[in-house]
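Commentary on secondary and tertiary structure
Here's the letter readout for the chains.
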There are 2 protein chains.
Amino acid sequence: MSGEAGELLFLPLGGAGEIGMNLNLYCYDGQWLMVDLGITFADDTIPGIDVILPDPRFIVEHRDDLLGIVLTHAHEDHLGAVPYLWTQLRCPVYATPFTAEVLRRKLAGGDGMMAGIEDLVITEVPLGGSLTLGPYEIEFISLTHSIPEPNALAIKTPAGTVMHTGDWKIDPDPLVGAVTDEAALRRWADDGVLAMVCDSTNVFRDGESGSEATVRTNLIELIGGLTGRVAVGCFASNVARVATIAAAAEAAGRHIVLVGRSLWRITEAARVTGYLDDLPPLLTDRDGALLPPDKVLYLCTGCQGEPRAALSRIASNNHPHITLGEGDTVIFSSKIIPGNELAINRLQNRLIGLGVEIMTEDDHDIHVSGHPCRDELAQMYRWVKPRISVPVHGEARHLLEHARYARTLQVPESVVVENGDLLRLAPGPAEVIDHVHSGRLLLDGKRLLSTESDVIRARRRLMNNGVAFVTLVLDGDGELMAEPRVVTQGVFSTDEPDEAGEAALTDAAEAVRKAIAALPRRARDDDETVGEAARIAARRVLKPERDKRPVVEVQVVRI
Amino acid sequence: MSGEAGELLFLPLGGAGEIGMNLNLYCYDGQWLMVDLGITFADDTIPGIDVILPDPRFIVEHRDDLLGIVLTHAHEDHLGAVPYLWTQLRCPVYATPFTAEVLRRKLAGGDGMMAGIEDLVITEVPLGGSLTLGPYEIEFISLTHSIPEPNALAIKTPAGTVMHTGDWKIDPDPLVGAVTDEAALRRWADDGVLAMVCDSTNVFRDGESGSEATVRTNLIELIGGLTGRVAVGCFASNVARVATIAAAAEAAGRHIVLVGRSLWRITEAARVTGYLDDLPPLLTDRDGALLPPDKVLYLCTGCQGEPRAALSRIASNNHPHITLGEGDTVIFSSKIIPGNELAINRLQNRLIGLGVEIMTEDDHDIHVSGHPCRDELAQMYRWVKPRISVPVHGEARHLLEHARYARTLQVPESVVVENGDLLRLAPGPAEVIDHVHSGRLLLDGKRLLSTESDVIRARRRLMNNGVAFVTLVLDGDGELMAEPRVVTQGVFSTDEPDEAGEAALTDAAEAVRKAIAALPRRARDDDETVGEAARIAARRVLKPERDKRPVVEVQVVRI
């Protein structure tokens, strides 16, 4: 499973089949290297679960041969799983300064952390720096994206060099951080690049993703023309966008108020690592409350409609220091992450209901994507000239289209892989030679559950139907020592009078009593038989009332 | 609350603030008329709930003065609540033949019906027919939409005429049913129309929605060029589209196979009422299994990614008679209903994973909306010339934009209302004069719950955290007669070995025992005190293990 001598293998355990949850592995001479270890966010279909992680089982089994984890950048889908999975891997972690700072702050978050995570040491690699891990010579190449310090990794092995792009775009003026290091990419092309493992997110979009500088020009103009209060929602991790909004506020003679913890967290991480030096003072929402409407700009979290974030609280008139209404404007300088459509829609309609004017990327050019569109992909292939294209960071459709597109760009080989595919990059033509275990884990508090866990199935039953508990106390002769008790959760109302509910519980208890009484004497000695009889009797009574069957749990206590 | 003599009032209880769940009321001289009674579908945020209904409390209180319910057409968001709410209203129901047939088949569905629904009598009104209910003279005017027999209602009262459009578009060639009855609309305009209560769905879309005839031309050409198996997903209620797909199959020398119950149900309702007469024979999926790939076209339910519908079962290789793979094509002749993005995406990626080619309205002109775009709205206002525009069938943003747009079309008055607003249309300028109770009810089996119900709150706690159940049996001296029992649902795995779980349950039982033992003798006589002590002890043990707190329910049985 770890290849023959001289073979270079690529193995995605996350990201090949989804946008999110990246986990890439390379193997040369039996030595493994991990690139990124991200999460993805759950939608509402998995009860009680917010975060999904790649199942690391395969590499955990090979962790003695795992040299390290290299992080390309600080987005959650690239490093978010480190706090939860690292204790199973316990290898060195490498990142550039900003990424390292963000990760350190996550780990210091404390509460939800796994035991043993305090042993994690992050080794900082300077921008453009290099690193040697066993047979891998790794160079960090600065690209542009929607967060500071996105890196491609040029991973050189005796079998050839892989250009692992991470997430990128070509932004000629990214505002924060360096431009794309074209010279480095060309240098590696001259040296010969065996394979490029590349971002597929925007492969269906023609043209270019556009520059943060254009967004700045547009936001300055747009905000300059507004009267009343202005609130802007954006992704906290887009530090360039935060700087832009601050600049637009300043240009319009407005003070900038930061609303939401993640914005404070990320701007602090950015300042500590040398970004955002020339920002005007950032005010808290409490300070901002004293300013006149046309002198304030609120930069807010919650552009995805997150119910507890700043924008939703403002929209519900539920924020201690901020109210918006007629004459005020909310600008969404962000995209809609798939799955958040309804939540964002609800948020925007609530704001509209308050009389607030809404502006989004649908009607104004106030957002650019952080991922390469087709012209940028073509440019990257021209620069790097890989022999093999391996699309990642995409759903099945993206990977397929990216592979097709790479062929039109004269890349000799392009291979569509899915999570768990063990791809031999060298020697010989690229070929999937095996398939290893891959999958998803669900973060439940501090615990990791399998997607097949009966805990999730049980919760699904509970959330759909509620639960009834039946208590039976029997003496040595199998006689009931007390009336059966039936109580429910999530079935009948307890706050309001619920006569039908009360009656159903009484009827159910009576039905259980009769069912037990009807059992032959000997059967009453068997807890399972007694329990099953009680369960059936209770279900029968509790069902027709509601056309739903609660889960029924019976406790038989013997005295 | 029922207006002064001579006043004409409009009151939306659903549909003004959402696309879906229509419930419109008119009141003249204290006599009420209801137009439509629809549902909306829940997203995954309300545990165990699929269907949401408008809260009819206000009109239930006035049901003695409710003359009847007139249904404009057969879509769920216009008649879907009749089976669940009619028993509270018990008034006559009026509809054109196809709508009546669809409703009758729903009511015959039986299982989930409310007691007393068998008394519901549907009175059929012919297309273009009229109806007098108390002071209301109602004329049905044929429009076009995405289902047979969409009607506007011209509602004439002594205070003036309201044109209630229902859902509509202007399709010059709707394929099934009549074209828009422009003459009737103009005739009413000549007579003078006080107010138009009008569909707002597509107010943000320029131009026209397009014709079913264009979709037919395009699908015939597209399908004619395909080899391999072809499956097409569409909305079952779009009978014209079903006819189109049958025509395209025939033109391509393919037999049409209907896959999914709702397709059979709606085509039968259409045939019974005189539509779809010239359809080729429809095969079942079992019959279709015998046909060669290039001789078959599967018309399937599930274009919204519904997990139990035909397309999802096929995509999961889980359909008894249909498999698709390399060389086959699935065509989505449908739009994405907001909220279904992720489910559709999952479905399409699974199909792509099988090697199937996907075609959607993003890449081919194979779907048209059933609602009016801006040019069609302008045309309707030119035809009807109302004095007042009352936008409905839209979220806050749609209603606001529609009202703005109507003003640009020289409509003298336009009023944005929300559910519960009592709008006086005459005499005098249109004005909201009161606000009555409105809201949403949740269909839970056969029962209706309030959105604030603690049943829903309880289920949300259960689904997030699971539940633990503690049983205590005490004797007359407050001494435990048996070891405390602690069991859980949705907390620990019961299928797989879960050592931590087993240990936690044992520890929790022991903690409960100690907590009871530590209570003073007298406190042990009080069930509430004993229960609370047990709950706290159990929660403390069950929490740190998982960083989540299960709901803890304690039963204290006294012997």
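Above this text is the structure in question.
Rules used in this analysis
Note that residues are indexed from 1 along each chain, following the sequence as it is written. Both sets of labels track the order of writing: A upward for chains, 1 upward for ligands. Confidence filtering applies because this is a predicted model: local features only for residues at pLDDT of at least 70, side-chain atom pairs given and counted only at 80 or more, and all residues used for totals across whole chains, interfaces and linings. Hydrogen atoms and water are omitted, and side-chain values are computed over all heavy atoms in the structure. Under the scheme used here, helices are H or I runs from DSSP no shorter than 4 residues and strands are E runs no shorter than 2 residues, and both carry numbers assigned from the N terminus. A 1.4 Å probe rolled over the protein chains alone gives each residue an accessible area, and that area as a share of the maximum for its type sets the label: buried under 20%, exposed over 50%, partly exposed in between. Note on contacts: a residue pair is in contact if any heavy atoms of the two residues lie within 4.5 Å. The charged-residue count follows a simple rule in which Lys and Arg add positive charge and Asp and Glu add negative charge, with His and chain termini not counted at all. Note on charges: their place is set at NZ of Lys, CZ of Arg, CG of Asp or CD of Glu. When a carboxyl oxygen of Asp or Glu is within 4 Å of a side-chain nitrogen of Lys or Arg, the pair counts as a salt bridge. Alignment of copies: least-squares fit on C-alpha atoms of residues with pLDDT of at least 70 in both copies. A quick way to say it: buried area is the sum, across both parts, of accessible area lost when two parts are put together, with a 1.4 Å probe. Nonpolar side chains (Val, Leu, Ile, Met, Phe, Trp, Tyr) within 5 Å and like charges within 9 Å form the patches, drawn only from residues with over 30% relative accessible area and no salt bridge. The protein chains shown are the only cover counted for residues, whose accessible areas, like all others here, come from Shrake-Rupley with a 1.4 Å probe. Geometry is summarised by axes, namely lines fitted to C-alpha atoms with helices restricted to the contacting stretch, and by angles between N-to-C directions that run from 0 to 180 degrees. Each angle receives one of four descriptions, namely roughly parallel if under 35 degrees, roughly antiparallel if over 145, roughly perpendicular if within 65 to 115, and oblique otherwise. For a crossing to be left-handed, the near helix must be turned anticlockwise from the far one by less than a right angle; the clockwise case is right-handed. Three categories are distinguished: nonpolar for Ala, Val, Leu, Ile, Met, Phe, Trp, Tyr, Cys and Pro, charged for Asp, Glu, Lys and Arg, and polar for the others, with Gly belonging to the last. Pairs were defined over the aromatic rings of Phe, Tyr and Trp, the Trp ring being its six-membered one, requiring ring centres within 6.5 Å. Orientation was assigned from the angle between planes: stacked under 30 degrees, edge-to-face over 60, tilted for the rest. Should the NZ of a Lys or the CZ of an Arg lie within 6 Å of a ring centre and within 35 degrees of the ring normal, that charge is described as sitting over the ring. At least two bridges found by DSSP between two strands is the condition for calling them paired. Between N or O atoms, a polar contact is any pair within 3.5 Å; within protein, one atom must be a potential hydrogen donor and the other a potential acceptor, and residues adjacent in sequence are included only when both atoms are from side chains. Disulfides are defined in this document as cysteine sulfur pairs within 2.5 Å. To estimate the expected span of a helix, count its residues, drop one, and scale the result by 1.5 Å.

**Thoughts on the overall build of chain A**
- Helix and strand content of chain A: 16 helices and 28 strands.
- A principal-axis box enclosing the C-alpha atoms of chain A has dimensions of 90 × 70 × 45 Å.
- Out of the 559 residues belonging to chain A, those deemed buried represent 60%.
- Contacts in chain A between residues at least 24 apart in sequence constitute 72% of all its contacts with a sequence separation of at least 6.
- Separation of charge centres in chain A, based on 54 positive and 81 negative side chains, amounts to 4 Å.

**What about the pattern of salt bridges?**
- A full pass over the atoms with the stated rule returns 58 salt bridges over all chains.
- A salt bridge links Glu 401 of chain A to Arg 404 of chain A; the nearest nitrogen and oxygen atoms lie 3.1 Å apart. In this pair, Glu 401 of chain A and Arg 404 of chain A both sit in helix α13 (residues 396-408), three residues apart, roughly one turn of the helix.
- With a closest N to O distance of 2.9 Å, Glu 124 of chain B and Arg 104 of chain B form a salt bridge. Taken together, the positions of Glu 124 of chain B in strand β8 (residues 122-124) and Arg 104 of chain B in helix α4 (residues 97-108) put the pair 20 residues apart, joining distant regions of the chain.
- Overlapping salt bridges, with partners in common, bring together Glu 101, Arg 104, Arg 105, Glu 124 and Glu 268 of chain A in one network.

**A look at the relation of the copies chain B and chain A**
- Laying chain B over chain A is done by rotating through 180° and shifting 0.0 Å along the axis; what remains is an RMSD of 0.0 Å. Each copy turns onto its partner about a two-fold axis.

**Re the interface of chain B and chain A**
- Contacts between the two partners involve 65 residues from chain B and, on the opposite side, 65 residues from chain A.
- In terms of surface lost to chain A, no three residues of chain B exceed Arg 397, Met 463 and Gln 489 of chain B, which account for 11% of the buried area on that side.
- Scanning the region where chain B abuts chain A turns up four salt bridges.
- Note that Arg 404 of chain B is salt-bridged to Glu 357 of chain A, the shortest N-O span being 3.8 Å.

**Observations regarding a negative patch on the surface**
- A surface patch of negative charge is lined by Asp 44 and Asp 50 of chain A together with Asp 44 and Asp 50 of chain B.
- Inspection of the secondary structure assignment puts Asp 44 of chain A in the loop between β4 (40-41) and β5 (51-54).

**Focus: the packing of helix α12 (residues 374-384) of chain B against helix α13 (residues 396-408) of chain B**
Residues and elements named next belong to chain B.
- The N-to-C vectors of α12 and α13 enclose an angle of 55°; their axes lie 11 Å apart at closest approach. Here α12 is positioned oblique relative to α13, judged by the angle of their axes. Viewed along their axes, α12 and α13 form a crossing whose handedness is right-handed. Residues Arg 374, Asp 375, Leu 377, Ala 378 and Tyr 381 of α12 pack against Glu 401, His 402, Tyr 405 and Ala 406 of α13.
- Its residues assigned to classes, the contact of α12 with α13 comprises five nonpolar, one polar and three charged.

**Here's the deal with the packing of aromatic side chains**
- Throughout the structure, instances matching the rule amount to seven aromatic pairs over all chains.
- For the ring pair Phe 10 of chain B and Tyr 26 of chain B, a centre distance of 5.1 Å and an interplane angle of 40° mean the geometry is tilted. Taken together, the residues Phe 10 of chain B in strand β1 (residues 8-14) and Tyr 26 of chain B in strand β2 (residues 23-28) connect sequence positions 16 residues apart. By the burial criterion, Phe 10 of chain B is buried, and Tyr 26 of chain B matches it.
- Their ring planes at 75° and their centres at 5.3 Å tell us that Trp 32 of chain B and Phe 58 of chain B sit as a pair that is edge-to-face. Of this pair, Trp 32 of chain B sits in strand β3 (residues 31-37) while Phe 58 of chain B is found in helix α1 (residues 57-61), placing the two residues 26 residues apart along the sequence. Across this residue pair, the class does not change: Trp 32 of chain B and Phe 58 of chain B are buried.
- In this structure, Arg 374 of chain A packs its charged tip against the face of Tyr 405 of chain A, placed 4.1 Å from the ring centre.

**A look at the side chain of Asn 345 of chain A**
- Looking at the element boundaries, Asn 345 of chain A is found in helix α11 (residues 341-353).
- Here Asn 345 of chain A is in contact with Glu 395 and Arg 397 of chain B, once residues within four sequence places are set aside.

**Observations regarding the packing of helix α5 (residues 182-191) of chain A against helix α12 (residues 374-384) of chain A**
Residue and element names in this part refer to chain A.
- Relative orientation of the contacting elements α5 and α12 amounts to 50°, with a least axis distance of 7 Å. Accordingly, the angle class assigned to the pair α5 and α12 is oblique. Within the contact between the two elements, α5 uses Glu 182, Leu 185, Arg 186 and Ala 189 and α12 uses Met 380, Trp 383 and Val 384.
- Class assignment of the residues belonging to the contact of α5 with α12 gives a composition of five nonpolar, no polar and two charged.

**Quick word on the pairing of strand β6 (residues 66-70) of chain A**
Residue and element names in this part refer to chain A.
- Judged by how many residues are buried, β6 sits mostly within the fold: five of five residues are covered.
- The pairing of strand β3 (residues 31-37) with β6 spans three bridges and is classified as parallel. Directly across from Trp 32, in β6, lies its bridge partner Leu 66.
- By the bridge criterion, two bridges tie β6 to strand β7 (residues 93-95) in an arrangement that is parallel. The partner of Val 70 across the bridge, within β7, is Tyr 94.

**Concerning the sheet that holds strand β8 (residues 122-124) of chain A**
Residues and elements named next belong to chain A.
- In space, the eight strands of this open sheet follow the order β8-β7-β6-β3-β2-β1-β22-β23, with mixed pairing throughout. In this open sheet, the two strands that pair with only one neighbour each are β8 and β23 (431-435). On average, each strand axis in the sheet is tilted by 25° relative to the strand beside it, whichever way the strands run.
- Most of the contacts of helix α3 (residues 82-89) go to β3, to which it runs at about 165°, and overall it touches β3, β6 and β7.
- Of the strands in this sheet, β7 and β8 touch helix α4 (residues 97-108), which is tilted by about 160° from β8.

**Thoughts on the sheet that holds strand β24 (residues 440-444) of chain A**
Residues and elements named next belong to chain A.
- Across the sheet, four strands lie side by side as β4-β5-β24-β25; this open sheet has antiparallel pairing. Pairing within the sheet leaves two strands with one partner each, and these edge strands are β4 and β25 (447-450).
- Summarising the sheet, β5 and β24 pair through four bridges and their orientation is antiparallel. From the neighbouring strand, Ile 52 faces β24, where its bridge partner is Leu 442.
- On the sheet, helix α14 (residues 454-465) packs against β24 and β25 and is oriented at approximately 85° with respect to β25.

**Points about the side chain of Asp 171 of chain A**
All names here are of chain A.
- For Asp 171, the location among the structural elements is in the loop between β12 (160-164) and α5.
- At 2.9 Å, the side chain of Asp 171 forms a polar contact with the backbone nitrogen of Asp 173.
- At a separation of 2.5 Å, a polar atom in the side chain of Asp 171 contacts the side chain of Ser 211.
- Residues within four places of Asp 171 in sequence aside, it is in contact with Thr 144, Val 179, Thr 180, Gly 210, Ser 211 and Glu 212.

**Observations regarding the state of the cysteines**
- Under the definition given, this model contains zero disulfides over all chains.
- With no disulfide partner, Cys 91 of chain A has as its closest neighbouring cysteine sulfur the one in Cys 27 of chain A, 14 Å distant.
- Note on Cys 303 of chain B: no disulfide assigned, nearest cysteine sulfur contributed by Cys 234 of chain B at a separation of 6.8 Å.

**Brief notes about α4 of chain A**
Residues and elements named next belong to chain A.
- With twelve residues, α4 should reach 16 Å at 1.5 Å per residue; the first-to-last C-alpha distance of 16 Å fits that figure.
- Within α4, the full set of buried residues consists of Phe 98, Thr 99, Ala 100, Glu 101, Val 102, Leu 103 and Leu 107.
- Looking at the buried residues of α4, the elements they touch are α2 (76-79), α3, β7, β8, α7 (239-251) and α8 (261-272).

**Digging into unusual backbone geometry**
- Here Ala 426 of chain A and Pro 427 of chain A are connected by a cis peptide whose omega angle stands at 0°.
- With respect to the helices and strands, Pro 427 of chain A occurs in the loop between β22 (421-426) and β23.
- Even without a glycine there, the phi angle at Asn 317 of chain A is positive, about 55°.
- By the element assignment, Asn 317 of chain A lies in the loop between α10 (310-315) and β18 (329-332).
- On the basis of relative accessible area, Asn 317 of chain A is assigned to the partly exposed category, the value being 47%.
- Non-glycine residue His 393 of chain B carries a positive phi angle of around 55°.
- In this fold, His 393 of chain B is placed in the loop between β20 (386-392) and α13.

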